[in-house]
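Structural overview for review
In case you want the letters, here they are:
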Amino acid sequence: MNYTLMILGMAAVTVAIKATIFVLGGRVAFPPWLQQALGFVPVTVLTAIIVPMVLAPRGEGLELSWRNPQLVAAIVAILVCAATRRQLLTIMIALLVFFGWQWMVLPN
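Our subject in this report is the structure included herewith. Since the model is a prediction, treat every value here as computed from it, not as a measurement.

Helix and strand counts for the protein stand at 5 helices and 0 strands. The dimensions of the protein, computed from C-alpha atoms along their principal axes, are 55 × 45 × 20 Å. Residue burial in the protein is summarised as follows: out of 108 residues, 12% are buried. Sequence separation of 24 or more characterises 31% of the internal contacts of the protein that already satisfy a separation of 6 or more.

Turning our eyes to something else, we now look at a nonpolar patch on the surface. On the surface, Leu-24, Val-28, Phe-30, Leu-38, Val-41, Val-45, Leu-46, Ile-49, Ile-50 and Met-53 cluster together into a nonpolar patch covering about 860 Å² of accessible area. Counting residues per element, the nonpolar patch draws most heavily on helix α3 (residues 41-55), which supplies 6 residues. Here Leu-38 is to be found in helix α2 (residues 32-38). Judged by relative accessible area, Leu-38 falls into the partly exposed class, the value being 43%.

Attention now goes to the packing of helix α4 (residues 69-84) against helix α5 (residues 87-105). Their axes nearest at 8 Å, the elements α4 and α5 cross at an angle of 155°. Considered as vectors, α4 and α5 are oriented roughly antiparallel to each other. Crossing handedness for the pair α4 and α5: right-handed. The segment α4 lies against α5, with Pro-69, Gln-70, Val-72, Ala-73, Val-76, Ala-77, Val-80, Cys-81 and Thr-84 engaging Leu-89, Thr-90, Ile-93, Ala-94, Val-97, Phe-98, Trp-101 and Gln-102. Among the residues making up the contact of α4 with α5, the classes are represented as 13 nonpolar, 4 polar and no charged.

To continue, consider unusual backbone geometry. Even without a glycine there, the phi angle at Arg-85 is positive, about 60°. With respect to the element layout, Arg-85 can be found in the loop between α4 and α5. According to the relative accessible area criterion, Arg-85 is exposed, its value standing at 68%.

Criteria and cut-off values
- Residues numbered from 1 in each chain as written.
- Predicted model: local features only at pLDDT ≥ 70, side-chain atom pairs only at ≥ 80, totals over all residues.
- Heavy atoms only, no water.
- Helix = DSSP H or I, 4+ residues; strand = E, 2+ residues; numbered from the N terminus.
- Buried < 20%, exposed > 50% of the residue type's maximum accessible area, 1.4 Å probe, protein only.
- Contact = heavy atoms within 4.5 Å.
- Patch = residues over 30% accessible without salt bridge, like charges linked within 9 Å, V, L, I, M, F, W, Y side chains within 5 Å.
- Areas by Shrake-Rupley, 256 points an atom, 1.4 Å probe, with all protein chains shown as cover.
- Salt bridge = Lys/Arg side-chain N within 4 Å of Asp/Glu carboxyl O.
- Axes fitted to C-alpha atoms, helices over the stretch in contact; angles between N-to-C directions.
- Parallel < 35°, antiparallel > 145°, perpendicular 65-115°, else oblique.
- Left-handed = near helix turned anticlockwise from the far one by under 90°.
- Nonpolar A, V, L, I, M, F, W, Y, C, P; charged D, E, K, R; others polar.

Set out below in structure tokens:
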């Protein structure tokens, strides 16, 4: 029951914030420094989600070895992205490395 109330409370807060912004629309102007700071929110949230999944995929502490396919694919993705600046190519190669590493290099 406590989890249900917590989820409902988070949903209510989220809806209230989004509804307020939607209703006020363009009548509220944020200062330039706040607009610039809000531009970093998506990158920050994405980083907070991805880094734990790459460094501790099983949730049991850091796995900084060649036996971690998420880490290997992430390193390859960084290198491909830095070299080509092409998102789709980066995603495709990283997925190929991830699945190839999991199935070929680390057979169970």
